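Here's the letter readout for the chains.
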Amino acid sequence: METTMYDLKTTNPAMGRYEQEVLRNDLWKRPQLSVRDRSILTVAVLIARNQSAEMTNHFELALENGVTPTELSEIITHLSFYSGWANGTLAASVASDVFAKRGVTVDQLPGAIVEFLAIDEEIEASRVAIVDQTVGPIFQGLMDFTTNVLFRDLWLRPGLAPRDRSLATVAALVATSHFPQVSFHLNKAMENGTTETEAAEAITHLAFYAGWPNAMSSVAVAKAVFEKRRTPTS
Amino acid sequence: METTMYDLKTTNPAMGRYEQEVLRNDLWKRPQLSVRDRSILTVAVLIARNQSAEMTNHFELALENGVTPTELSEIITHLSFYSGWANGTLAASVASDVFAKRGVTVDQLPGAIVEFLAIDEEIEASRVAIVDQTVGPIFQGLMDFTTNVLFRDLWLRPGLAPRDRSLATVAALVATSHFPQVSFHLNKAMENGTTETEAAEAITHLAFYAGWPNAMSSVAVAKAVFEKRRTPTS
Amino acid sequence: METTMYDLKTTNPAMGRYEQEVLRNDLWKRPQLSVRDRSILTVAVLIARNQSAEMTNHFELALENGVTPTELSEIITHLSFYSGWANGTLAASVASDVFAKRGVTVDQLPGAIVEFLAIDEEIEASRVAIVDQTVGPIFQGLMDFTTNVLFRDLWLRPGLAPRDRSLATVAALVATSHFPQVSFHLNKAMENGTTETEAAEAITHLAFYAGWPNAMSSVAVAKAVFEKRRTPTS
């Protein structure tokens, strides 16, 4: 970020001013969301959109803001599935250089085999039931991968808290305009402990990093999620 | 563009032919839209999609087609907000090299602080009223940024005419499949002086640079905008 | 792919395990789709999303999996129109290096001028009739380009079988979330000889390379296409 700002001041004074006055001195200091959460959102956007030029700066900023190397590594692994495998390999390659520069060795990163978090079998059964009903046998392969690789493996890896995993997922979905899925995953993020204030502020933060149109389209989705969660089930 | 074409002829003869016969000798020469406007659309697509490999060629072509360094710089600043901050910083970095090569110095670029264009308070009040009604207090932060940074600052910077700012915005939205927002901004582009013929030709131009599916999906949106504007208000 | 996997094992052990166990030893070996078809889908995703970092690996893998240099070159030309011109020029530049390394010279690639496949005039007439009705005279330029450059030229180039051209198109559309167009082109892929099992498996494959959300959103579209094709016309 230091580097970026320096360049901007001498190459695009207007952007330099916005970065200093609006992003750095206002947005990132708003109390509704921690800088650690803001870094999770920002790196997720860059990974989801394959924006390697800013990855080094923001991976380093994330580590300074309290995201651990394990967590950053898990975010990359997670988004390999939610954004696409080539998004993951590019980010892993940039992260590898950042880790090397900071003396983080591979044994400090999450192992290939880990002890999974406990799964909530009731929630998982209801997810499978819905999918079975809507998808059907011709997509059995995709359904099996979804169950075995995503929900009984990836989401249960302990190196990234479910709340943070949800935040990264929501950011990636907003960044790539997957608004129907924003609804499911924003709700899941709130089940996992994200507050309404944090969720709204996440979308505000994403306006700057994922572009205004993605944020504005997410507002309507988020409002519907908030309202439904506030309504008592009769 | 020269460079690109040379390469294509020796690496992909079919693309070389299409580029010469269809893009260069037909599309870019169609009278419905000036080459300057076509360059604004094309650079906006590249910035919105982070396509740095073609930026140098098309930034240079834009300058040759009558887009000033100030205008190019403003387009980049503008799309930092509409496409995402990392799109802007990448484009600013490429533009910086192009400017340096041409001897354009930073004092020739738009300043950080500028005297704003006058705002139409009536239109702005009606925009705020609509947003207030649909968005609500939980997104007050996002709404404040939208008002203070976008509509009372960015859009009022004098280095890029509102019509050109609208063209760049529409191109970026089409390039990233934000069709609901294409409607709002295409209408704004026409309020700002873009004719129906120019708007239709812009979408035709974007078919080549943003891909056929984005253009075809924009046609329906544009037709609805055209029709509504033709209908006299009773 | 060898290179990628080696890197992943030492930089992100979790991704290294998924790549070996899930992608390489499971997905790519599933019998529902040939490795050649899987390579067509994968390179189409990379081209459509401008993901150059993985292009060299996957262009080489495609050639090893039976995609010919002519076919790869045609896929790039084809997606220049469906994804955008700059996507094509970037891919053509990477392919040029891959071809050079393997001693493939330009005379082995498809010529600029080729003898076209026969066109089905009945199908083409019905396509034009639908477009004429929905689009109208203001977009005559775009309609003429669509007819003359796409359907009476690009799609008739003999270097890539219509079925494979369709597969690449569908993959590019799924990769960039163009779900309305997935419907048209998936149907066309099946007209061109893709089976239901292959189509479903293509979407399963794309889950990994275009991200889970794009695959899941495509499932509903594909199911509707399958159902409509199964229903006998009365």
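Computed from a prediction, not measured in an experiment: that's the story for all the values here. Within every chain, residues take consecutive numbers counted from 1 along the sequence as written. Chain letters and ligand numbers both follow the written order, the letters beginning at A and the numbers at 1. Predicted model: local features are reported for residues with pLDDT of at least 70 only, side-chain atom pairs are reported and counted for 80 or more only, and whole-chain, interface and lining totals are derived from all residues. The side-chain values count all of the structure's non-hydrogen atoms but skip hydrogen atoms and water molecules.

**Examining the relation of the copies chain C and chain B**
A rotation about an axis combined with a shift along that same axis relates the two copies of the chain. Put simply, the rule is: Least-squares superposition aligns the copies on the C-alpha atoms of those residues with pLDDT at or above 70 in both. In what follows, a contact means two residues having at least one pair of non-hydrogen atoms within 4.5 Å.
Of the two same-sequence chains, chain C is brought onto chain B (RMSD 0.0 Å, axial shift 0.0 Å) by a rotation of 120°. Interpreted geometrically, this transformation is the action of a three-fold axis. Little of the interface of chain C is mirrored in chain B, where only 2% of its interface residues again form contacts.

**With respect to the nonpolar core**
Quick reminder of the rule: Buried Ala, Val, Leu, Ile, Met, Phe, Trp, Tyr and Cys residues form a nonpolar core when they are joined through side-chain atoms within 4.5 Å. Buried residues are those whose accessible area, probed at 1.4 Å on protein chains only, stays under 20% of the maximum for their type, while exposed residues exceed 50% and partly exposed ones sit between those limits.
By size, the foremost hydrophobic cluster in this structure holds 240 residues, and its most contacted members are Phe59, Phe81 and Phe139 of chain A, Phe59 and Phe81 of chain B together with Phe59 and Phe81 of chain C. The contact partners of Phe81 of chain A, leaving out residues within four places of it in the chain, are Val149, Leu150 and Leu154 of chain A together with Tyr18, Ala207, Phe208, Gly211 and Trp212 of chain C.

**A few points about the interface of chain C and chain B**
In many analyses, interface size is given as the accessible surface area lost on bringing the parts together. What counts here: For this document, the term salt bridge refers to a Lys or Arg side-chain nitrogen within 4 Å of an Asp or Glu carboxyl oxygen. Nitrogen and oxygen atoms within 3.5 Å of one another constitute a polar contact, given that in protein one can donate a hydrogen and the other can accept it, and given that sequence-neighbouring residues count only through two side-chain atoms.
Taken together, the 40 residues of chain C in the interface contact 44 residues of chain B. Applying the counting rule to chain C against chain B returns 1 salt bridge. In this structure, Asp153 of chain C and Arg17 of chain B form a salt bridge, with 3.3 Å as the shortest nitrogen-oxygen distance. There are 17 residue pairs in polar contact (both at pLDDT 80 or more) connecting chain C and chain B.

**Considerations on the UniProt feature "domain: Carboxymuconolactone decarboxylase-like" (unreviewed entry) in chain A**
Residues and elements named next belong to chain A. Applicable threshold: UniProt positions are given in the numbering used here, feature names are shortened, and annotations may be inferred rather than shown by experiment. Working definition: helices are DSSP H or I runs of at least four residues, strands are E runs of at least two. Numbering for both runs from the N terminus.
Here the UniProt-annotated "domain: Carboxymuconolactone decarboxylase-like" (unreviewed entry) positions come out as residues 18–95 and 142–224. Helix makes up 72% of residues 18–95 and strand 0%, with an end-to-end C-alpha separation of 27 Å. Structurally, residues 142–224 comprises 78% helix and 0% strand, and the distance from its first C-alpha atom to its last is 29 Å.

**Brief notes about the domain arrangement of chain A**
Residue and element names in this part refer to chain A. What counts here: Reported domain spans reflect what an automatic or database domain assignment gives. The quantity reported as buried area is the accessible area (1.4 Å probe) lost by two parts once they are put together, taken as the sum for both. Gly is placed with the polar residues, together with every amino acid not listed as nonpolar (Ala, Val, Leu, Ile, Met, Phe, Trp, Tyr, Cys and Pro) or charged (Asp, Glu, Lys and Arg).
Under the domain assignment used here, chain A contains domain 1 (11–117 + 157–230) and domain 2 (118–156). Relative to domain 2, the C-alpha centre of domain 1 lies at a distance of 24 Å. The partner domain 2 presents 10 residues to the 15 residues of domain 1 that form the contact. Buried surface at the junction of domain 1 and domain 2, both sides included, amounts to about 1100 Å², of which 68% is carbon and sulfur. Linking domain 1 with domain 2 are 0 salt bridges. Summed over the shared surface of domain 1 and domain 2, the result is 5 residue pairs in polar contact (both at pLDDT 80 or more). Sorting the residues of the side of domain 1 that touches domain 2 by element identifies α5 (69–82), α9 (162–175) and α10 (179–191) as the ones contributing at least two each. Considering only residue class, the side of domain 1 that touches domain 2 consists of 6 nonpolar, 6 polar and 3 charged.

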